[in-house]
Amino acid sequence: MQPPGKIAAATVIRLEGRHKPIYHALNDCGDHVVIINTRHIAFSGNKWEQKVYSSHTGYPGGFKQVTATQLHLKDPTAIVKLAVYRMLPKNLQRRTLMQRLHLFPEDVIPEDIEKNLLQEIPQPRAVPKRLDEYTPEEIAAFPKVWTP
Amino acid sequence: MAAPSLLCGGLRRIFSGLLGSGWAAPPARALRQVVEVTEGNTTTIEGRIIEDAEAPPPPNPSGQCPICRWNLKHKYDYVDVLLLSQFIRSDGGMLPRRVTGLCLEEHKKVAVCVQMAHRAGLFPNHRPPLPEGHVPKKPKLNRYLTRWSVRSAKPIWRRGPKWCKKPFPVGHPLLKDNIKYTQKPLCLNH
C-alpha cells in the first residue's frame, strides 16, 4: 500500500550509496535493494487511470501508450522498475545500479537473497486502518459527535 | 413530502404539551427499534425508542454544527474513519444535512472525505445491497486521496512539455485549510 514514487526515492538513495558517509560518485559504494509486494503499490489521486506510460519500438507505427492499470496488470514490477530507472542519475552507472535492484511482486523471495538481507528501509507512508480493523473498544471509546 | 411531516411533528409536540399536564412529551427524533408483537388476532407494531447512554458534553457547546462543537474544524481527513462513519448510512451513502446538523461547508468536506475513504477501501462493510446474489469483483488496485471517481477519470495521453504539464489532481481543494503537522506545503496537483 505504498506509493511507488516515494519507494523509488528511498531506493535510489541506497543504490547510489548516498546514505553512507563514505559516499563518492567514483566509489561504487551502493547497496543491493530488494523491493517486495510490488503488486500492492498504491497511487495517490486518479493516477491509475490518468498516468500513461509511452514507448516506441523504433519501427513506424510502433508508438505504444499504456495506462498504469494496464501496465500493472501485465507486469506487476514494471511500475516500480520504471520509477527507479527514471529517478537514477542519467549516466552510464544507471544500468549497473538497476542490476543491483531486485523486485518481487509478492512476499516470496528466493532463499539466497533472503539470507543476505540486513536492514529494512522504513515505509514512507503510514497505511490507514480500515473500519473493521478497529477494535470494538476503540469504536466505543470514540465519542458520538451528533445524536439522532 | 417533507413539509407535512414537519408540521405533524411540531403540532404533536404543541398538543401533547397542552393536554398532558406534567407528562413529558417523548423526543420527536430518536433511534427507534421496530418491535412486532402478535397476541391472538392483534398484531402490534411498535417503534420503541432506544435509550442511549448520556454522551459526554462537547468541549465547545456554543458551536452551530457537531464539528464546531467538538473543535474538529480543520482537523479531520479521509483517514479518520471513526469520525466519518458517524455520518454515513449502512450502504455507504451520506446522511442528509438536516438530520446530522452539519453546516454546509463541513457537510461538503465530510462528503468528500467519505468518498475518498470509500475509494481507498476503508469502509469494506458499507456497501450497497446487491441484487440476486451477484458477486462483486474485488478491486485489484490500491489507491488513496482520489479526487475523481474511478470510472470518470480518463488517461492523460499527452502531458505536455515541462513548462505547461497537465498535473495529476490529488486530494481535494476543500481540504486545503486542514492543519499540517509538517512544514511541507500541501500539494494538490502532482
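Residues numbered from 1 in each chain as written. Chains lettered and ligands numbered in written order. Predicted model: local features only at pLDDT ≥ 70, side-chain atom pairs only at ≥ 80, totals over all residues. Heavy atoms only, no water.

- By the naming in an unreviewed UniProt entry, chain B is Large ribosomal subunit protein mL66, taken from Serinus canaria.
- For the record of chain B, the UniProt heading Subcellular location (unreviewed entry) holds the text "Mitochondrion".
- UniProt's Sequence similarities (unreviewed entry) comment on chain B is quoted here verbatim: "Belongs to the bacterial ribosomal protein bS18 family. Mitochondrion-specific ribosomal protein mL66 subfamily." (UniProt positions renumbered as here; feature names shortened; annotations may be inferred.)

- You'll find chain A entered in an unreviewed UniProt entry as Large ribosomal subunit protein uL13m, with Serinus canaria given as the organism.
- Recorded under Sequence similarities (unreviewed entry), the UniProt text for chain A is reproduced unchanged: "Belongs to the universal ribosomal protein uL13 family."
- What UniProt records for chain A under Subcellular location (unreviewed entry) is the sentence "Mitochondrion".

## Focus on the overall build of chain B
Step number 1: Tallying secondary structure elements over chain B gives five helices and three strands in all.
Step number 2: Put simply, chain B runs from its N terminus to its C terminus through helices and strands in the order α-β-β-α-α-α-α-β.
Step number 3: For chain B, buried positions account for 26% of its 190 residues.
Step number 4: Considering only contacts in chain B between residues 6 or more positions apart, those separated by 24 or more positions represent 45%.
Step number 5: Per element, the accessible surface of chain B, about 13,600 Å² overall, is 59% carbon and sulfur. (Helix = DSSP H or I, 4+ residues; strand = E, 2+ residues; numbered from the N terminus. Buried < 20%, exposed > 50% of the residue type's maximum accessible area, 1.4 Å probe, protein only. Contact = heavy atoms within 4.5 Å. Areas by Shrake-Rupley, 256 points an atom, 1.4 Å probe, with all protein chains shown as cover.)

## A word on the overall build of chain A
Step number 1: Of regular secondary structure, chain A possesses seven helices and five strands.
Step number 2: For chain A, the N- to C-terminal ordering of α and β elements is α-β-β-α-β-β-α-α-α-β-α-α.
Step number 3: Against the 2.2 N^0.38 benchmark of 15 Å for 148 residues, chain A shows a C-alpha radius of gyration of 20 Å, more extended than a compact globule.
Step number 4: Split into buried and exposed, the 148 residues of chain A put 37% on the buried side.
Step number 5: Counting contacts in chain A only where the partners sit at least 6 residues apart, residues at least 24 apart contribute 59% of the total.
Step number 6: Entry remark: accessible area of chain A is about 9,200 Å², with carbon and sulfur atoms responsible for 56%. (Rg over C-alpha atoms; globule rule 2.2 N^0.38 Å.)

## Notes on the pairing of strand β2 (residues 42-49) of chain B
Residue and element names in this part refer to chain B.
Step number 1: Bridge count for strand β1 (residues 32-39) against β2 is eight bridges, and the pairing is antiparallel. Across the sheet, residue R32 finds its bridge partner in β2, namely I49.
Step number 2: Joining the antiparallel neighbours β1 and β2 is a turn of two residues, in which G40 adopts a positive phi near 65°. (Pairing = 2+ DSSP bridges.)

## Comments concerning helix α5 (residues 104-119) of chain B
Residue and element names in this part refer to chain B.
Step number 1: An ideal rise of 1.5 Å per residue puts 22 Å on 16 residues; α5 measures up with 23 Å between its terminal C-alpha atoms.
Step number 2: Among the residues of α5, those classed as buried are E106, H107, K109, V110, V112, C113, V114, M116 and A117.
Step number 3: Just downstream of α5, G121 is the residue with a positive phi angle, here 80°. (Expected span 1.5 Å × (residues − 1).)

## Considerations on the pattern of salt bridges
Step number 1: Going through the model one piece at a time under the given rule, you end up with 13 salt bridges over all chains.
Step number 2: Residue A:R130 pairs with A:E133 through a salt bridge whose shortest N-O separation is 3.5 Å.
Step number 3: The exposure class of A:R130 is partly exposed, given its relative accessible area of 32%.
Step number 4: Sharing partners across several salt bridges, the network here consists of B:K73, B:E105, B:E106 and B:K109. (Salt bridge = Lys/Arg side-chain N within 4 Å of Asp/Glu carboxyl O.)

## Some points on unusual backbone geometry
Step number 1: For A:N37, which is not glycine, the phi dihedral falls at a positive 60°.
Step number 2: Here A:N37 lies in the loop between β1 (33-35) and β2 (42-44).
Step number 3: Phi at B:N71 takes a positive value of approximately 55°, unusual for a residue other than glycine.
Step number 4: Residue placement: B:N71 occurs in the loop between α2 (66-69) and α3 (81-84).
Step number 5: Classification of B:N71 by relative accessible area gives partly exposed; the value is 40%.

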